[in-house]
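Coordinate inspection notes
The lines below spell out each chain.
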There are 2 protein chains.
Amino acid sequence: MRISYKGDYALKAVLHLANRYEDGEVVPINEIAAANDIPRKFLEQIMLILKGAGLVDSRRGIGGGFFLKRPPAEIRLGEVVRLIEGDIEPIACAKTPPEPCCAEIGSCAFREIWAEVAAATAAIVDGVTFADIMRRQRELKSAHQGYHYEI
Amino acid sequence: MRISYKGDYALKAVLHLANRYEDGEVVPINEIAAANDIPRKFLEQIMLILKGAGLVDSRRGIGGGFFLKRPPAEIRLGEVVRLIEGDIEPIACAKTPPEPCCAEIGSCAFREIWAEVAAATAAIVDGVTFADIMRRQRELKSAHQGYHYEI
DNA sequence: TATAAATCCGATTTATTTAGTAGTATATAA
DNA sequence: TTATATACTACTAAATAAATCGGATTTATA
Ligand code: FES
Ligand code: FES
């Protein structure tokens, strides 16, 4: 499962909105783009995908912008990854139900290895919520601050 | 880590050679291509990559072909995958040592998740040899036979 | 020594995906 | 009514994937 720029941008945008989730803050796309070094028009397309999937919602016009429809603790990393990158499985036959791949799908010795890889990957990305990621981010920030002061 | 056609073909070719490894059999590319439904000229390129990496060797001319340089038990799936597909890591910052990715690599909350995914994937593909895959293939073949007889 | 069988190698081609950019339409708060 | 913001469609350039083409070279053997 390769993470493209599009996927990377989507994750950062969702994390940005997660950090502004309290009190239902609405964040304009310009802020998200500027803060995360994301091409603005590209981010527009990404936000529309996230909105289409019901993950975020938006308000138009002055004072408008985007916001999460669910609290960060209820959004799993895997959900965003699948939305943007598509299947987590490295090959179609590893999906459930399996889609045809080799000629003899019933006797392919590789298929179940890819299924194992998919399961292991899914366990990780579905085991982490954006609340977890926010917490981790705060830890890293304070650790980095620490280093800074020591210098 | 997405498996491309090229990677799929490479794995099948190596498995084909693994099945012919005993007594140092030499297998012409036409046989590998025909048996596995691989475009012949495309497979040529793939075999040259495998040869360049020292995984297989070849003999030219009449009676020539390809053969594994090492026994199947000493070739791990991950080795072939990395050769053809490149890095197993879903993003550059997850490599060791990490390559720059986001702006602030030291404080990115996603980085270690990708590193976990990479480690889990590597553990699977590096934990399986082509001898294991051959064994698994025989099991599947006989199971399939069984079903066949029951009908 | 000619011939057929096979690998070796570089170039070209076609289609798809990626990473954007452009332009316009629509909604909304002040 | 105007400035600010999203919504939507289309377009483009570059990279990658998946072959395909055309030969050059090596080698066993008839
Ligand atoms: S069935 Fe998918 S790799 Fe064999
Ligand atoms: S450093 Fe790679 S995703 Fe942030």
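The structure displayed is predicted, hence computed values, not measured ones. (Residues numbered from 1 in each chain as written. Chains lettered and ligands numbered in written order. Predicted model: local features only at pLDDT ≥ 70, side-chain atom pairs only at ≥ 80, totals over all residues. Heavy atoms only, no water.)

Once that is clear, we can look at the interface of chain A and chain B. The interface is formed by 34 residues belonging to chain A together with 34 residues belonging to chain B. Considering only the side of chain A, the residues that lose the most area to chain B are A:Phe110, A:Trp114 and A:Ile124, jointly responsible for 19% of the buried surface there. Across the chain A-chain B interface, the total number found is two salt bridges. The shortest N-O distance in the salt bridge between B:Glu112 and A:Arg136 comes to 2.5 Å. Linking chain A with chain B are four residue pairs in polar contact (both at pLDDT 80 or more). (Contact = heavy atoms within 4.5 Å. Buried area = accessible area lost by both parts, 1.4 Å probe. Salt bridge = Lys/Arg side-chain N within 4 Å of Asp/Glu carboxyl O. Polar contact = N/O pair within 3.5 Å; in protein donor to acceptor, adjacent residues only side chain to side chain.)

A word on the pairing of strand β1 (residues 56-59) of chain A. Inspection of the sheet shows β1(A) paired to strand β2 (residues 65-68) of chain A by four bridges, in the antiparallel sense. If you follow A:Arg59 over to β2(A), its bridge partner there is A:Gly65. (Pairing = 2+ DSSP bridges. Helix = DSSP H or I, 4+ residues; strand = E, 2+ residues; numbered from the N terminus.)

Turning to the packing of aromatic side chains, a few remarks are in order. For the coordinates displayed, the defined rule picks out six aromatic pairs over all chains. Geometrically, the ring pair formed by A:Phe130 and B:Phe110 is edge-to-face, given 6.3 Å between the ring centres and 70 degrees between the ring planes. In this pair, A:Phe130 is assigned in helix α6 (residues 130-150) and B:Phe110 in the loop between α4 (77-85) and α5 (111-125), connecting two distinct chains. Taken individually, A:Phe130 and B:Phe110 each receive the classification buried, so the pair is uniform in this respect. Each ring, one from B:Tyr9 and one from B:Phe42, has its centre 5.8 Å from the other, and the planes form 85 degrees; the classification is edge-to-face. Pair noted here: B:Tyr9 is in helix α1 (residues 5-19) and B:Phe42 is in helix α3 (residues 40-52), with a separation of 33 residues, a long-range link. The buried category is assigned to B:Tyr9, whose relative accessible area is 11%. (Phe/Tyr/Trp six-rings, centres within 6.5 Å; stacked < 30°, edge-to-face > 60°. Buried < 20%, exposed > 50% of the residue type's maximum accessible area, 1.4 Å probe, protein only.)

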